[in-house]
Amino acid sequence: MPAETLDARWAAVVGRLTHAGKTLLSMVLDHVGEDAYLRMAAAERMHHACVGGLRWHSIEVAEGALALASVFEGDGPPACLDNLVLGGLLHDIGKLREMQVDTVGIRRSVEGRSRYHTTLGSEIIAVACALAPDRLEAAGVSPTLIAHLQHVCESHHLQKDWGSPTAPQSREAMFIHLADQASAKWRQMTDDAATASADDGGWCGAADGRRSPVWIPSRALNLPPVGTSVRPVGTELEHRAETASRGAADEVPSATERGADAAARSVSVVVLRDHVPFHQQED
Ligand SMILES: [Fe+2]
Ligand SMILES: [Fe+2]
């Protein structure tokens, strides 16, 4: 995924945030370090396992949650856009402590071998907010917004044996969980298909021998590659990106501006396979 495309998509989703939401996002990114966020992978090996993979995956989750809300939002209480966007962009923020990316590769940190990013992410948000209460108050950041963001971090893996101490208990948290699964599984299956030959029926052997073969029907049907106009949501986001680039997206965190630089500094890394994590769920 080109860095320029991710920068535009980042600007578009951040542009949906209120002033309070942008402030909270900036506070968390300031606390963990924007460069660290931009470099971090989303997983050791399952999906988006590359430098910058965390931001890529997080943008997809935010976009996916927004798309779900646009489809299912009806005549009931509206979905909270700040919750959806912040939840998407920060649901895996705990990976900044659970994992590390360095010249050796992508691997689990010492802390991450015994603690999970769901609870670590909630802790990061709490600490980031505790460090600057005046900034929170000045921006009008609601305690509910903070508490919900922590709930998203803790619940997005759905159940305890997948690493979540609690299940999603809000509609927004449920959408984050579903979008998280969609982003992770789509990328995993796409990567598997890209590295395997297909037989006549479009079946591909999984790149990772532990998983089942992947079925790509479009290969058997000889469908053309998906174009950029496939998603109405994407079209809307592109429009918003254009709006943002004209200056409407005030206070967009500098991660947006520095994304291209970080990508340029990115190095190829070797995914370490000598450590089997204590769990297999890496969404
Ligand atoms: Fe996760
Ligand atoms: Fe995730």
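For clarity, every value in this text was computed on a predicted model and none was experimentally measured.

Participant: I'd like to hear about the overall build of the protein chain, residue by residue, with values.
Facilitator: In terms of regular secondary structure, the protein chain is built from 13 helices and four strands. Taken across its 283 residues, the protein chain has 44% of its residues classed as buried. Intrachain contacts of the protein chain at a sequence separation of at least 6 include 67% that bridge at least 24 residues.

Participant: Tell me about the environment of serine 114, residues and numbers included.
Facilitator: Mapped onto the fold, serine 114 is located in the loop between β2 (106–108) and α7 (117–131). Spatially, the C-alpha atoms of serine 114 and glutamate 98 are 8.9 Å apart, while their sequence positions differ by 16 residues.

Participant: Tell me about helix α2 (residues 19–32), and please be specific about residues and values.
Facilitator: Relative to the 20 Å expected for 14 residues at 1.5 Å per residue, α2 spans 20 Å between its end C-alpha atoms, a close match to the ideal helical length. Burial within α2 is extensive, with 10 of its 14 residues counted as buried. After α2 finishes, the residue glycine 33 shows a positive phi value of roughly 95 degrees.

Participant: Lay out unusual backbone geometry with the relevant residues and their values.
Facilitator: One non-glycine residue, histidine 48, lies in positive phi territory at about 45 degrees. Positive phi, normally seen in glycine, also occurs at leucine 158, with a value near 80 degrees. Position of leucine 158 relative to the elements: it lies in the loop between α9 (143–155) and α10 (171–194). Since 20 C-beta atoms lie within 10 Å of it, leucine 158 is described here as buried.

Participant: Before we move on, could you go through the packing of helix α5 (residues 81–90) against α9 and cite the residues and values that matter?
Facilitator: Two elements in contact, α5 and α9, have axes separated by 9 Å at closest approach and are oriented at 45 degrees. Considering the angle they form, α5 stands oblique to α9. Like other packed secondary-structure pairs, α5 and α9 cross with a definite hand, here right-handed. The segment α5 lies against α9, with Asp82, Asn83, Leu86, Gly87 and Leu90 engaging Leu145, His148, Leu149 and Val152. Broken down by class, the residue content of the contact of α5 with α9 amounts to five nonpolar, three polar and one charged.

Participant: Account for the nonpolar core, naming residues and giving values.
Facilitator: The tendency in soluble globular proteins is for nonpolar side chains to be buried side by side. Val13, Leu25, Val28, Ala41, Ala62, Ala65 and Ile124 are the most contacted members of the largest nonpolar core, which totals 58 residues. Element by element, the count of residues in this core is highest for helix α4 (residues 53–72), at nine residues. Those residues in contact with alanine 65 that sit more than four places away from it in its chain are Leu84, Gly87, Gly88, Phe175, Ile176 and Ala179.

Participant: Tell me about the confidence of the model for the protein chain, and name the residues and values.
Facilitator: Across the protein chain, the average pLDDT comes to 80, with 75% of residues at or above 70. Put simply, helix α13 (residues 255–265) is where the protein chain has its lowest mean pLDDT, 41, and α5 is where it has its highest, 98.

Participant: I'd love a proper account of the packing of α5 against α10, names of residues and values included.
Facilitator: The contact between α5 and α10 brings their axes to 9 Å, and the two run at 35 degrees. Here α5 runs over α10; the crossing is right-handed. Contacts between α5 and α10 involve Asn83, Leu84, Gly87 and Gly88 on the former and, on the latter, Glu172, Ala173, Phe175, Ile176 and Ala179. Per-class residue counts for the contact of α5 with α10 are five nonpolar, three polar and one charged.

Calculation notes
Residues numbered from 1 in each chain as written. Chains lettered and ligands numbered in written order. Predicted model: local features only at pLDDT ≥ 70, side-chain atom pairs only at ≥ 80, totals over all residues. Helix = DSSP H or I, 4+ residues; strand = E, 2+ residues; numbered from the N terminus. Buried ≥ 20, exposed ≤ 12 C-beta atoms within 10 Å, placed from the backbone. Contact = placed C-beta atoms within 7 Å. Expected span 1.5 Å × (residues − 1). Axes fitted to C-alpha atoms, helices over the stretch in contact; angles between N-to-C directions. Parallel < 35°, antiparallel > 145°, perpendicular 65-115°, else oblique. Left-handed = near helix turned anticlockwise from the far one by under 90°. Nonpolar A, V, L, I, M, F, W, Y, C, P; charged D, E, K, R; others polar. Core = buried A, V, L, I, M, F, W, Y, C linked by C-beta atoms within 7 Å. pLDDT = per-residue confidence, 0-100.

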